[in-house]
Amino acid sequence: MRIGEVTARTGIPQRMLRYYEEQGLLSSERADNGYREYDDDAVERAQRVRGLIQAGLSTRMVKVVLDLEADCRATQPPSCTRGLAEELASELRALDDRLACLAKSRDAVALYLGRSPHADLLTL
């Protein structure tokens, strides 16, 4: 599929898809006419990349995480340096902190809506 279809299916602007490709997070083949051609897995991968970036990971760390996920699907145990493990542990703590903050904000919004005359919106 071409880049416009990936954009239509993901909502990710073409400019961002090109950036993901520059960063090695997404790949495409070039057709004879020079257009990018993406395989069917590109939609899911682009959405995964976007989600990780929105969660606060740098593009460098997104690449590491995606590679680690692929390693975890392999039959052999993953290996990494102590430095990378320390970096990942730091990212994990930061993600846990962001999740806690988001949960607290979500609870506050839900409580507010639940006490308002518009509590029926919570069931939508």
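Residues numbered from 1 in each chain as written. Predicted model: local features only at pLDDT ≥ 70, side-chain atom pairs only at ≥ 80, totals over all residues. Heavy atoms only, no water.

### Some thoughts on helix H1 (residues 3–10)
Every α-helix winds through 3.6 residues per turn, so residues three or four apart in the chain are directed the same way. Worth spelling out the cut-off: Accessibility here uses a 1.4 Å probe with only protein chains present; expressed as a share of the type maximum, an area under 20% marks a residue as buried, one over 50% as exposed, and anything in between as partly exposed. Put simply, DSSP marks the helices as runs of H or I at least four residues long and the strands as runs of E at least two long, and each gets a number from the N terminus on. Within this analysis, the arc is defined by the directions that extend from the helix axis to the C-beta atoms. In what follows, a contact means two residues having at least one pair of non-hydrogen atoms within 4.5 Å.
When we look at burial in H1, the residues that qualify are Ile-3, Val-6 and Thr-10. One side of H1 holds all its buried residues, which, seen down the axis, span an arc of 60°. Where H1 is buried, its residues contact helix H2 (14–22), strand S2 (36–37) and helix H3 (41–54). Backbone geometry just after H1 places Gly-11 at a positive phi near 80°.

### Details of the pattern of salt bridges
As a reminder of what qualifies: Each salt bridge in this description consists of a side-chain nitrogen of Lys or Arg and a carboxyl oxygen of Asp or Glu lying within 4 Å of one another.
Within this structure, the stated rule accounts for seven salt bridges. When the shortest N-O distance is used, the salt bridge between Arg-9 and Glu-5 registers 3.6 Å. Remark: Glu-5 and Arg-9 occur in helix H1; sequence separation between them is four residues, near one turn of the helix. Its relative accessible area of 45% is what places Arg-9 among the partly exposed residues. On the basis of relative accessibility, which here comes to 40%, the residue Glu-5 falls in the partly exposed class. Across the salt bridge formed by Arg-106 and Asp-107, the nearest N and O atoms sit 3.9 Å from each other. Its relative accessible area of 55% is what places Arg-106 among the exposed residues.

### Overview of the environment of Glu-91
By secondary structure assignment, the location of Glu-91 is in helix H5 (residues 82–115). Contacts of Glu-91, omitting those with residues within four sequence positions, involve Leu-57, Met-61 and Arg-98.

### Structural notes on a negative patch on the surface
Just so we agree on the cut-off: A patch is a set of surface residues, each over 30% in relative accessible area and not in a salt bridge, joined within 9 Å for like charges and within 5 Å for the nonpolar side chains Val, Leu, Ile, Met, Phe, Trp and Tyr. We get accessible surface area from the Shrake-Rupley algorithm with a probe of 1.4 Å; when it comes to residues, only the shown protein chains can shield them. Charged residues are defined narrowly, with Lys and Arg counted positive, Asp and Glu counted negative, and His plus the chain ends left uncounted. Charge positions are represented by NZ for Lys, CZ for Arg, CG for Asp and CD for Glu.
A grouping of Glu-29, Asp-39, Asp-40, Asp-41 and Glu-44 is seen on the molecular surface, where their side chains present a negatively charged patch. Structurally, Glu-44 is set in helix H3.

### Quick word on the side chain of Arg-36
Using the following cut-off: By the criterion applied in these results, polar contacts are pairs of N or O atoms within 3.5 Å in which, for protein atoms, one can donate a hydrogen and the other can accept it, and in which residues neighboring in sequence qualify only through two side-chain atoms.
Among the structural elements, Arg-36 can be located in strand S2. A polar contact of 3.0 Å, which involves the side chain of Arg-36, links it to the side chain of Glu-21. When sequence neighbours within four positions are dropped, the list of residues in contact with Arg-36 reads Met-1, Arg-2, Ile-3, Arg-18, Glu-21, Ser-28, Glu-29 and Arg-30.

### What to know about the nonpolar core
One recurring pattern in soluble globular proteins is that nonpolar side chains are buried together. Quick note on the threshold: As used in this record, nonpolar core signifies buried Ala, Val, Leu, Ile, Met, Phe, Trp, Tyr and Cys residues forming a set joined through side-chain atoms within 4.5 Å.
Formed by 20 residues in total, the largest nonpolar core has its most connected members in Leu-17, Tyr-20, Leu-26, Tyr-38 and Val-62. Those elements that place two or more of their residues in this core are H1, H2, H3 and helix H4 (59–73). What Leu-26 contacts, discounting residues up to four positions off in sequence, is Leu-17, Tyr-20, Glu-21, Tyr-38, Ala-42, Arg-45 and Ala-46.

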